[in-house]
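Residue-level structural notes
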2 protein chains.
Amino acid sequence: MGKIAHDQHLPAIAGNADIELAATVSRSGESVNGLPFFRNVEELAASDVTVDAVALCTPPQVRHAIAMFCIEQGWHVFMEKPPGATLAEVAALDEAAKAKGVSLFASWHSRYADGVEPARAWLADRTVTAATITWREDVRVWHPGQDWIWEPGGFGVFDPGINALSIATRILPKPFFVETAELDVPSNRAAPIAARVAFRDTAGTAIDIDLDFRQEGPQHWDIEVRTDAGTLLLSKGGSVLTIDGKEALSHDGDLHGEYPGLYARFAEIVRAGESDVDVSPLRLVADAFLRGRHVTVEPFVE
Amino acid sequence: MGKIAHDQHLPAIAGNADIELAATVSRSGESVNGLPFFRNVEELAASDVTVDAVALCTPPQVRHAIAMFCIEQGWHVFMEKPPGATLAEVAALDEAAKAKGVSLFASWHSRYADGVEPARAWLADRTVTAATITWREDVRVWHPGQDWIWEPGGFGVFDPGINALSIATRILPKPFFVETAELDVPSNRAAPIAARVAFRDTAGTAIDIDLDFRQEGPQHWDIEVRTDAGTLLLSKGGSVLTIDGKEALSHDGDLHGEYPGLYARFAEIVRAGESDVDVSPLRLVADAFLRGRHVTVEPFVE
């Protein structure tokens with residue numbers, strides 16, 4: 001029951017007629033609307049509260065053990081992004097869910113931003129000549145007190161950066177991979193505060209990403225894609241779409257459409273008896289760490 | 001035509017009746033037995049030499065572009081380990097090979113050491129209670145002048161360490177994943193000289209790996225697996241197998257069986273029209289970098 005649970009999950013669940021909130025689980029023992037609450041999933045399982053599904057909103061480092069327990073109970077599992085702190089643990093969850101016959105949803109909320117599907121459709125039959133991703137935000141504003149983000153497995157600036165990659169892997173017509181990466185790691189932290197990654201797609205097209213957690217003033221969450229038929233700009237985290245500078249779609253930028261979209265998708269895969277586990281954004285982040293050069297930069301003090 | 005091509009590939013090819021050496025490709029323009037030679041694969045493709053297949057023995061950082069070119073020529077491709085410097089590029093090669101109808105072989109030579117299949121068979125119906133992997137070798141002896149190993153994508157001590165992981169992923173009965181990792185990186189290098197990784201399998205069993213490139217004196221390439229029915233020790237890189245201290249299989253430790261085994265497998269998948277691309281060892285290494293804490297250690301000077 002952290003920031004994202006309150007800001008996004010509770011309103012999205014309240015707005016979805018297919019889903020009813022049965023209980024909450026939080027170390028702090030927080031109740032919502034007088035509903036039953038538990039301090040961990042073991043207490044929930046031992047209670048007389050019946051649940052069909054759980055949404056896990058913890059930091060990635062502790063997600064695997066909780067998710068595995070929930071799958072073993074026969075509960076469908078919705079995982080916040082990123083789906084885990086490593087790729088192999090997500091593969092193990094995927095296999096366990098299949099063996100148990102429950103649905104596993106590795107969610108990528110940014111893919112449900114309003115501009116993403118129109119951007120994907122527009123790019124599908126264009127030839128991309130270059131793409132630039134700029135994701136620069138102020139960590140003090142967006143991740144106040146979130147120490148886990150600076151620990152190994154918290155990914156640092158790749159925590160928001162993976163949102164950009166979840167969009168890019170969805171809208172760009174060809175797969176792409178890391179060629180070089182530079183990760184700026186504060187001398188007092190274990191995860192990068194900034195990163196520059198040069199990707200190339202299978203047609204040889206350059207795709208560059210510039211991530212920075214130190215952005216003051218205007219914040220940037222932009223993906224610019226140049227093509228043989230004009231330039232597409234997806235801005236404000238995927239909610240605003242322009243083509244050659246003309247608005248193709250505009251929303252208020254509050255991204256209120258993302259989490260309702262995720263919960264609609266979750267209900268859909270549960271009904272269909274399927275899982276939805278696309279690890280490609282996490283794989284690109286792992287590749288950036290594997291292939292990247294670490295650069296030690298000045299300490300970060302919140 | 002580097003060290004591994006001379007030490008292992010040429011003898012293995014010479015000993016395989018299904019495979020005939022047609023030409024060599026090397027920046028240095030080295031010929032073997034008076035056969036045609038070329039400085040790059042583009043020159044080979046433009047020549048009148050007909051080849052069905054290529055074995056790529058380059059460092060991982062340059063492998064993708066060469067492999068993609070070879071797949072586009074319709075050649076079957078054998079890749080030395082590791083199959084690439086990133087996971088996404090290997091996935092792209094796998095897709096390209098399937099689309100072109102050629103066989104792609106991501107080889108793991110240590111899996112063909114003589115003790116590996118007997119170890120796998122013995123462990124298959126045992127319950128593992130703990131496993132310890134110790135891979136400590138002297139980089140000055142085994143990788144003289146190989147500067148690429150210290151660059152991003154060269155993986156440092158994980159270059160031999162991935163051999164251990166290729167065996168462990170083959171013989172251990174359950175999948176396992178990284179829980180914590182510490183990577184010791186020399187202050188003048190980009191890749192780790194030593195690493196300690198704590199894995200856990202899906203049954204909760206601890207699997208620990210200790211990698212060190214600074215080992216003088218006796219060298220260690222050992223995997224010890226404790227089970228409910230005794231302790232298995234696979235030593236000398238997989239060639240010597242003991243169970244509860246009694247020799248279950250012994251060879252001379254020269255590992256001459258590995259590369260002939262790889263080439264027999266390559267011929268087999270080409271005949272069958274299949275690929276063999278298991279990325280799980282590389283995925284564990286990527287996860288160790290993703291989840292790992294970097295520790296700066298004293299400079300390494302060769």
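Residues numbered from 1 in each chain as written. Chains lettered and ligands numbered in written order. Predicted model: local features only at pLDDT ≥ 70, side-chain atom pairs only at ≥ 80, totals over all residues. Heavy atoms only, no water.

Some remarks on the interface of chain A and chain B
- Listed per partner, the contact involves 32 residues of chain A and 32 residues of chain B.
- Together chain A and chain B conceal approximately 2700 Å² of surface at their shared face, both sides included; 66% is due to carbon and sulfur atoms.
- When residues of chain A are sorted by the area they lose upon contact with chain B, Phe177(A), Leu290(A) and Arg291(A) head the list and together hold 26% of the total.
- Counting across the interface, chain A meets chain B through two salt bridges.
- One salt bridge connects Arg293(B) with Glu151(A), and the closest N-O pair in it is separated by 2.8 Å.
- At the boundary of chain A with chain B, the tally comes to nine residue pairs in polar contact (both at pLDDT 80 or more). (Contact = heavy atoms within 4.5 Å. Buried area = accessible area lost by both parts, 1.4 Å probe. Salt bridge = Lys/Arg side-chain N within 4 Å of Asp/Glu carboxyl O. Polar contact = N/O pair within 3.5 Å; in protein donor to acceptor, adjacent residues only side chain to side chain.)

A closer look at the UniProt feature "domain: Gfo/Idh/MocA-like oxidoreductase N-terminal" (unreviewed entry) in chain A
- The UniProt entry lists residues 2-105 of chain A under the feature "domain: Gfo/Idh/MocA-like oxidoreductase N-terminal" (unreviewed entry), expressed in the numbering used here.
- Counted over residues 2-105 of chain A, helix gives 40% and strand 13%. Its end C-alpha atoms are 20 Å apart. (UniProt positions renumbered as here; feature names shortened; annotations may be inferred. Helix = DSSP H or I, 4+ residues; strand = E, 2+ residues; numbered from the N terminus.)

Brief notes about the sheet that holds strand 12 (residues 240-243) of chain A
All names here are of chain A.
- The sheet built from nine strands is open, its strands ordered 13-12-11-10-6-9-8-7-14 with mixed pairing. The strands lining the two open edges of the sheet, one partner per strand, are strand 13 (246-249) and strand 14 (292-297). Sheet twist, expressed as the mean angle between neighbouring strand axes with direction ignored, is 15 degrees.
- Two elements, strand 6 (residues 128-136) and strand 9 (residues 206-212), share six bridges in a ladder whose sense is parallel. Across the sheet, the residue bridging to Ile133 is Ile209, located in strand 9. (Pairing = 2+ DSSP bridges. Axes fitted to C-alpha atoms, helices over the stretch in contact; angles between N-to-C directions.)

Observations concerning the pattern of salt bridges
Residue and element names in this part refer to chain A.
- All told, the structure shown has 38 salt bridges over all chains when counted by the stated rule.
- Its salt-bridge partner being Arg136, residue Asp212 comes within 3.5 Å of it at the nearest N-O pair. Taken together, the residues span a long stretch of sequence, with Asp212 in strand 9 and Arg136 in strand 6 at a distance of 76 residues.
- What makes Asp212 buried here is its relative accessible area of 8%.
- With relative accessibility at 22%, the residue Arg136 sits in the partly exposed group.
- The closest approach of N and O atoms between Arg214 and Asp212, which form a salt bridge, is 2.9 Å. (Buried < 20%, exposed > 50% of the residue type's maximum accessible area, 1.4 Å probe, protein only.)

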